[in-house]
Amino acid sequence: MKITVRPFLTLRPVMRNLTSIEWELDDITLRNLLDRLCEEFGGDLKAQVFDPKTQDISDMLKVLVNGRHYTTLDEKLETVLQDGDEISLFPPVAGG
């Protein structure tokens, strides 16, 4: 099955300036996908995705699955992804 990951803003440089990544994966949860992304793109990405104290998703990062924040999904990070799912990653945004 194909999963698409779309990083935005400050995550793009950390992810080799890719606007989207398509992976062929079978039976993977959202948590496992995020772990794999951190393995692929290294410590700078991991520092933005996971809280170093708790190893949970950083409160600052917005993770959407098909446009829905992962916390609104029944299984949250343990949601098993489906063919065609699109994962969007948004870092904190500031401005005025």
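What counts, and at which threshold
Residues numbered from 1 in each chain as written. Predicted model: local features only at pLDDT ≥ 70, side-chain atom pairs only at ≥ 80, totals over all residues. Heavy atoms only, no water. Buried < 20%, exposed > 50% of the residue type's maximum accessible area, 1.4 Å probe, protein only. Helix = DSSP H or I, 4+ residues; strand = E, 2+ residues; numbered from the N terminus. Pairing = 2+ DSSP bridges. Contact = heavy atoms within 4.5 Å. Axes fitted to C-alpha atoms, helices over the stretch in contact; angles between N-to-C directions. Core = buried A, V, L, I, M, F, W, Y, C linked by side-chain atoms within 4.5 Å. Expected span 1.5 Å × (residues − 1). Arc of directions from axis to C-beta. Phe/Tyr/Trp six-rings, centres within 6.5 Å; stacked < 30°, edge-to-face > 60°. Salt bridge = Lys/Arg side-chain N within 4 Å of Asp/Glu carboxyl O.

## Here's the deal with the pairing of strand β2 (residues 21–24)
In regular strands, side chains alternate between the two faces of the sheet.
Line of reasoning, step 1. Every second residue of β2 is oriented toward a common face, the buried set being Ile 21 and Trp 23 and the non-buried set Glu 22 and Glu 24.
Line of reasoning, step 2. Two elements, strand β1 (residues 2–7) and β2, share four bridges in a ladder whose sense is antiparallel. Across the sheet, Lys 2 pairs through a bridge with Glu 24, a residue of β2.

## Some thoughts on the sheet that holds β2
Line of reasoning, step 1. Within the open sheet, the five strands sit side by side as β2-β1-β5-β3-β4. Their pairing is mixed. With partners counted over all chains shown, the strands left at the sheet margins are β2 and β4 (68–69), one partner each.
Line of reasoning, step 2. Two elements, β1 and strand β5 (residues 86–90), share four bridges in a ladder whose sense is parallel. In the strand pairing of β5, Pro 7 is matched with Leu 89.
Line of reasoning, step 3. Where helix α2 (residues 30–41) meets the sheet, its contacts fall on β1, β2, β3 (62–65) and β5, and the angle it forms with β2 comes to roughly 115°.

## A few points about the nonpolar core
Line of reasoning, step 1. Leu 30, Leu 33, Leu 34, Leu 37, Leu 45, Ile 57 and Ile 87 are the most contacted members of the largest nonpolar core, which has 28 residues in total.
Line of reasoning, step 2. Of all elements in the fold, only β1, α1 (11–14), β2, α2, α3 (43–49), β3 and β5 reach the threshold of two or more residues within this core.
Line of reasoning, step 3. The element best represented in this core is α2, accounting for six residues.

## So, α2
Line of reasoning, step 1. End to end, α2 covers 16 Å across twelve residues, agreeing with the expected 16 Å (1.5 Å per residue, within 8%).
Line of reasoning, step 2. Turning to α2, its buried residues are Leu 30, Leu 33, Leu 34, Leu 37, Cys 38 and Phe 41. Seen along its axis, α2 keeps its buried residues to an arc of 140°; they face one direction.
Line of reasoning, step 3. Buried positions along α2 lie against β1, α1, β2, α3, β3 and β5.

## Description of the packing of aromatic side chains
Line of reasoning, step 1. One pass over the full model with this rule turns up one aromatic pair.
Line of reasoning, step 2. Centroid distance Phe 8 to Phe 90: 4.4 Å. Interplanar angle 5°. Geometry classified as stacked. Here Phe 8, found in the loop between β1 and α1, pairs with Phe 90, found in strand β5; they are 82 residues apart in sequence, far enough to count as distant.

## Digging into the pattern of salt bridges
Line of reasoning, step 1. Summed over all chains, the structure comprises four salt bridges.
Line of reasoning, step 2. Among the salt bridges present, the one from Glu 78 reaches Arg 31, with a minimum N-O distance of 2.8 Å. Here Glu 78, found in the loop between β4 and β5, pairs with Arg 31, found in helix α2; they are 47 residues apart in sequence, far enough to count as distant.
Line of reasoning, step 3. Among the residues examined, Glu 78 registers a relative accessible area of 39% and is labelled partly exposed.
Line of reasoning, step 4. Under the relative-accessibility criterion, Arg 31 is labelled partly exposed at 26%.

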